[in-house]
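# Fold and geometry: a report
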Amino acid sequence: MTALKPPTRAGTLDTMTTAARPAFTGPSDLHMHSNHSDGTQPPAEVVRQAHAHGIRTLALTDHDRTTGWDEAAEAANRLGMTFLPGMELSAKHEWRSVHVLGYLFDPTDPDLIAETDRIRGDRIGRAERIVRNIGRDYDLTWDDVLAQTTADATVGRPHIADALVARGIARDRAHAFDGILHPREGYYEPHYAPDPLTAVRLITQAGGVAVIAHPATGRDRMMPLATIERLIAAGLGGLEIDHRENTAAGKRMLREIAARHDLIVTGSSDYHGAGKPNRPGENTTSDDMVARIIERATGTPARHP
Ligand code: AMP
Ligand code: FE
Ligand code: FE
Ligand code: ZN
């Protein structure tokens with residue numbers, strides 16, 4: 001009896017690429033943090049959590065660093081998920097902190113590496129200055145903060161918050177941010193960050209897709225329209241609209257801008273493990289928008305299972 005040979009694995013993949021099947025499956029969560037920045041879990045655990053919440057395509061977007069990519073990619077592959085390497089680049093417009101998500105850029109781009117090295121380096125000195133300020137009034141030392149960070153982490157106020165919690169000075173991160181870490185309390189220090197125009201250009205020139213993270217987190221924090229339009233002219237790819245911190249009025253305004261300029265629109269959780277109440281998949285990005293990000297990027301490929 002001549003049995004039909006089952007298709008080889010390579011044959012199956014060939015069929016998949018010729019049939020117009022998307023190379024990934026949603027639901028997609030494109031903004032998640034590990035303990036390489038201010039999330040509380042290692043990259044592989046972030047991926048497992050995403051999967052357990054029904055997510056099938058995810059991006060790891062640690063602040064100002066890409067060191068979590070390999071571990072996340074491997075975990076995603078084991079679970080049959082698509083992985084988009086990403087980063088949340090710190091920027092600053094006047095006094096406002098602006099976060100720019102970058103997807104599928106070349107992680108070896110020298111200009112981008114120089115800028116993220118500079119930001120992370122300055123973040124450490126800045127965190128030490130904040131801790132020195134707090135130490136004048138509270139029993140908190142730099143060692144307390146070091147005890148809350150992994151060797152590889154981008155150090156930020158969340159780690160100082162964790163140290164305040166460990167010391168019994170704050171209840172949780174949110175309590176620390178509303179109190180001691182709030183600029184009005186007088187302990188705050190800024191850190192170096194490029195302007196958003198530079199951030200968008202760096203990501204774009206490295207072959208990535210730049211998306212402004214949570215652009216409308218409050219009335220005084222909505223990025224001015226003229227600024228957004230300058231960023232679009234500089235290569236901005238999209239806006240993160242479905243995010244729990246964007247206001248309803250802000251989301252409406254952002255949708256109008258996105259439609260007018262045919263921008264990519266994303267939705268994500270901004271998961272930080274135990275560091276924030278945000279749950280994986282609480283907001284998601286549509287398949288056609290993920291496809292647009294993948295098609296537009298030239299810096300590094302998405303990792304399909
Ligand atoms: P930094 O960049 O060091 O000034 O700290 C800002 C980071 O703190 C952001 O990436 C947020 O993820 C985190 N953050 C801000 N507000 C809160 C909050 N209320 N609870 C927990 N994390 C927060
Ligand atoms: Fe964060
Ligand atoms: Fe952010
Ligand atoms: Zn974030």
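Predicted model, so just to flag it, every value in this text is computed and none were measured.

### Re the sheet that holds strand E2 (residues 57–60)
Pairing is mixed across the open sheet formed by seven strands, whose spatial order is E1-E2-E3-E4-E5-E6-E7. If you trace the sheet from one side to the other, it starts and ends with strand E1 (28–29) and strand E7 (264–267), each paired once. Pairing between E1 and E2: two bridges, direction parallel. Each residue of the ladder has a partner; that of aspartate 29, found in E2, is leucine 58. This element, helix H10 (residues 248–261), spans strand E6 (238–242) and E7 of the sheet and lies at about 150° to E6.

### Concerning the domain arrangement of the chain
Domain parsing of the chain yields domain 1 (27–116 + 193–296) and domain 2 (125–185). Here domain 1 and domain 2 have C-alpha centroids that lie 25 Å from each other. Counting from both sides, the interface comprises 10 residues of domain 1 and, opposite them, seven residues of domain 2. Of the roughly 700 Å² buried at the junction of domain 1 and domain 2 (both faces included), carbon and sulfur atoms supply 42%. For domain 1, the biggest contributors to the area lost against domain 2 are Asn35, Asp38 and Arg65; these three give 47% of the whole. At the boundary of domain 1 and domain 2, one finds zero salt bridges. The interface formed by domain 1 and domain 2 holds six residue pairs in polar contact (both at pLDDT 80 or more) in total.

### Points about the coordination of the zinc ion (ligand 4)
In the first shell of the zinc ion (ligand 4), the protein supplies His31 (NE2), His33 (NE2), Glu88 (OE) and Asp270 (OD), at 2.1 to 2.2 Å from the metal. Geometry at the zinc ion (ligand 4) is irregular, judged from its four donor atoms and the angles of 77 to 167° they form at the metal. Sequence positions of the donors to the zinc ion (ligand 4) reduce to the motif H-x1-H-x54-E-x181-D. Between the zinc ion (ligand 4) and the iron ion (ligand 2) the interatomic distance comes to 4.4 Å. Of the two residues, histidine 31 sits in the loop between E1 and helix H2 (43–52) while aspartate 270 sits in the loop between E7 and helix H11 (287–296), which places them 239 residues apart along the sequence. A single burial state applies to histidine 31 and to aspartate 270, both of which are buried.

### A word on helix H4 (residues 110–135)
Spanning 26 residues, H4 covers 37 Å between terminal C-alpha atoms, matching the ideal 38 Å at 1.5 Å per step. All buried positions along H4 are accounted for by Leu112, Glu115, Thr116, Ile119, Arg120, Arg123, Arg126, Ala127, Ile130, Val131, Asn133 and Ile134. Put simply, aspartate 109 is the residue that caps the front of H4, since its side-chain oxygen is 3.3 Å from the backbone nitrogen of aspartate 111.

### Some thoughts on H2
Within H2 the residues assigned to the buried category are Pro43, Ala44, Val46, Val47 and Ala50. Buried residues along H2 cover an arc of 160° about the axis, so they all sit on one side. In this structure, the buried side of H2 is in contact with E2 and helix H3 (69–78). In the segment just after H2, glycine 54 is the residue with positive phi, at about 90°.

### Considering the pattern of salt bridges
Tallying each qualifying case throughout the model produces 15 salt bridges. Across the salt bridge formed by arginine 78 and glutamate 74, the nearest N and O atoms sit 3.2 Å from each other. Of this pair, arginine 78 and glutamate 74 both sit in helix H3, four residues apart, which is roughly one turn of that helix. Assigned by exposure class, arginine 78 and glutamate 74 land together as exposed. One salt bridge connects aspartate 144 with arginine 167, and the closest N-O pair in it is separated by 2.9 Å. Here aspartate 144, found in helix H5 (residues 142–146), pairs with arginine 167, found in the loop between helix H6 (157–166) and helix H7 (173–178); they are 23 residues apart in sequence, far enough to count as distant. The exposure class of arginine 167 is partly exposed, given its relative accessible area of 40%. In the salt-bridge network here, residues are joined through shared partners; they are Asp139, Asp144 and Arg167.

### Examining unusual backbone geometry
A cis geometry characterises the amide bond from glycine 26 onward to proline 27, with omega recorded as -5°. Structurally, the position occupied by proline 27 is in the loop between helix H1 (9–18) and E1. Its identity as a non-glycine residue notwithstanding, aspartate 270 has a phi of 60°, on the positive side. Taking relative accessible area as the criterion, aspartate 270 reaches 2% and is therefore assigned buried.

Here is what the cut-offs are and how they apply
Residues numbered from 1 in each chain as written. Chains lettered and ligands numbered in written order. Predicted model: local features only at pLDDT ≥ 70, side-chain atom pairs only at ≥ 80, totals over all residues. Heavy atoms only, no water. Pairing = 2+ DSSP bridges. Helix = DSSP H or I, 4+ residues; strand = E, 2+ residues; numbered from the N terminus. Contact = heavy atoms within 4.5 Å. Axes fitted to C-alpha atoms, helices over the stretch in contact; angles between N-to-C directions. Domains from an automatic or database assignment. Buried area = accessible area lost by both parts, 1.4 Å probe. Salt bridge = Lys/Arg side-chain N within 4 Å of Asp/Glu carboxyl O. Polar contact = N/O pair within 3.5 Å; in protein donor to acceptor, adjacent residues only side chain to side chain. Donors = N, O, S within 2.8 Å, 3.2 Å for Na, K, Ca; no water. Tetrahedral: all angles 85-135°; square planar, octahedral: opposite > 155°, others 65-115°. Buried < 20%, exposed > 50% of the residue type's maximum accessible area, 1.4 Å probe, protein only. Expected span 1.5 Å × (residues − 1). Arc of directions from axis to C-beta.

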